[in-house]
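Analysis of the macromolecular model
Here is how the chains run, residue by residue.
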Amino acid sequence: MRISDAAAAAGTTPRALRFYEQRGLLPPPDRTAGGQRRYGQAEVRRVRVIRVLLSMGLTVEDLRLCADMLHLLDENDGVPPSPRACGRGSGVARRRLDALDAEIARLTGQRERLAARVGLVPQD
């Protein structure tokens, strides 16, 4: 299928597909005789997995670090078959969780300081 059809099937844009390709998250697609990109269902599944992982807080750089293992998620509808695919084995997910925990702690502290400054008691 053409890039616009693949992007629509994956719930994204042609520009995003080209971006994922440039960043190494998608392998270079086959090309038609006229040079247009040609995608299959496997690429659409992979883009869906990429989008799910990005929506969970991983970054494009995080995914690039484990791009060679993303196919393990493609084959299982985005469910890791083992801890290896962007999980404990690669450390990518652990580092992202640590970064999120640090950001939550920073924001919590910021909220507490603001509440104290304006005389509001945090509500539970």
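Shown above is the structure to which this text applies.
This one's a predicted model, so the numbers in the text were calculated from it and none came from an experiment. (Residues numbered from 1 in each chain as written. Predicted model: local features only at pLDDT ≥ 70, side-chain atom pairs only at ≥ 80, totals over all residues. Heavy atoms only, no water.)

A few words on the overall build of the protein chain. Helix and strand content of the protein chain: six helices and two strands. The order of helices and strands in the protein chain, counted from the N terminus, is α-α-β-β-α-α-α-α. Per-residue burial over the protein chain gives 30% buried out of 124 residues. For the protein chain, the proportion of contacts with a sequence separation of at least 24, taken over those separated by at least 6, is 47%. Surface summary for the protein chain: the accessible area is close to 8200 Å², and the carbon and sulfur share equals 53%. (Helix = DSSP H or I, 4+ residues; strand = E, 2+ residues; numbered from the N terminus. Buried < 20%, exposed > 50% of the residue type's maximum accessible area, 1.4 Å probe, protein only. Contact = heavy atoms within 4.5 Å. Areas by Shrake-Rupley, 256 points an atom, 1.4 Å probe, with all protein chains shown as cover.)

Let us now look at the pattern of salt bridges. Counted according to the given criterion, the structure contains five salt bridges. Between arginine 64 and glutamate 61 there is a salt bridge, with the nearest N and O atoms lying 2.7 Å from each other. Placement of both arginine 64 and glutamate 61 in helix H4 (residues 60-65) is noted, with a separation of three residues, approximately one turn of the helix. The class of glutamate 61 is partly exposed, set by a relative accessible area of 40%. Arginine 106 is paired through a salt bridge with glutamate 103; the nearest N and O atoms lie 2.7 Å apart. (Salt bridge = Lys/Arg side-chain N within 4 Å of Asp/Glu carboxyl O.)

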